[in-house]
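Geometric and topological summary
Read off the chains here:
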Amino acid sequence: MPKIKTSRVSYPEGWELIEPTIRELDAKMREAENDPHDGKRKCEALWPIFRISHQRSRYIYDLYYRRKEISEKLYEFCLDQGYADRNLIAKWKKPGYERLCCLRCIQTRDHNFATTCVCRVPKHLREEQVIECVHCGCRGCASGD
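Per an unreviewed UniProt entry, the protein carries the name G10 protein and comes from Digitaria exilis. Per UniProt, the protein carries the Subcellular location (unreviewed entry) text "Nucleus".

**Description of a nonpolar patch on the surface**
A surface patch of nonpolar side chains, about 230 Å² in accessible area, is lined by Val118, Val121 and Leu125. Of note, Leu125 is situated in the segment after α4 (86-92).

**Some thoughts on the pattern of salt bridges**
Throughout the structure, instances matching the rule amount to 9 salt bridges. Note that Lys40 is salt-bridged to Asp35, the shortest N-O span being 3.9 Å. Lys40 gets classed as partly exposed once you look at its relative accessible area, which sits at 35%. For Asp80, the salt bridge identified is with Arg86, shortest N-O distance 2.8 Å. Asp80 sits in the partly exposed class, given a relative accessible area of 44%. Three or more residues joined by partner-sharing salt bridges are found here, namely Glu76, Asp80 and Arg86.

Thresholds, definitions, all that
For every chain, the first residue of the written sequence is number 1, and numbering continues from 1 onward in sequence order. Residue-level local features of this predicted model are given only where pLDDT is at least 70; pairs of side-chain atoms are given and counted only at 80 or more, and the full residue set underlies all totals for whole chains, interfaces and linings. The side-chain values count all of the structure's non-hydrogen atoms but skip hydrogen atoms and water molecules. UniProt positions are given in the numbering used here, feature names are shortened, and annotations may be inferred rather than shown by experiment. Each patch is assembled from residues with relative accessible area greater than 30% and no salt bridge, linking like charges that lie within 9 Å and nonpolar side chains (Val, Leu, Ile, Met, Phe, Trp, Tyr) that lie within 5 Å. Surface accessibility in these figures is a Shrake-Rupley result with a 1.4 Å probe; residues are shielded only by whichever protein chains are displayed. Within this document, salt bridges are pairs made up of a side-chain nitrogen of Lys or Arg and a carboxyl oxygen of Asp or Glu, the two lying within 4 Å of each other. Secondary structure elements follow DSSP: runs of H or I of four or more residues count as helices, runs of E of two or more count as strands, with numbering from the N terminus. Remark: exposure states derive from per-residue accessible area (1.4 Å probe, protein chains only) relative to the maximum for the residue type, with buried under 20%, exposed over 50%, and partly exposed in between.

Take a look at the structure:
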């Protein structure tokens, strides 16, 4: 979650370009957090939160690394304020992790037999064609898909 905003925070140049999208994603995040989770499994209630967090991080990553529309100062500001996940973006820069959905999918301590999540298996190697990750609801984030 982003830190609480006060009037003392000085926003870097270019913030006004990304602010509407960031505010919209924050509103979606608040809505997902307050959404009732009746009838859902415990893990399923967190899936929308993971998806919105991923979307917000991917938005900032794409603006800085792919489209080069924001400055380094604004990028660092977004990371420091918690608008994007620094560790997830660091993984996206490595080969084989370009489409990674969340960090829990590659942590071996969270899975049986010390492996990674089933969503990391390429689609052509799966026995079941339709799967969902237990942690975040991802349907496949292997870079070869």
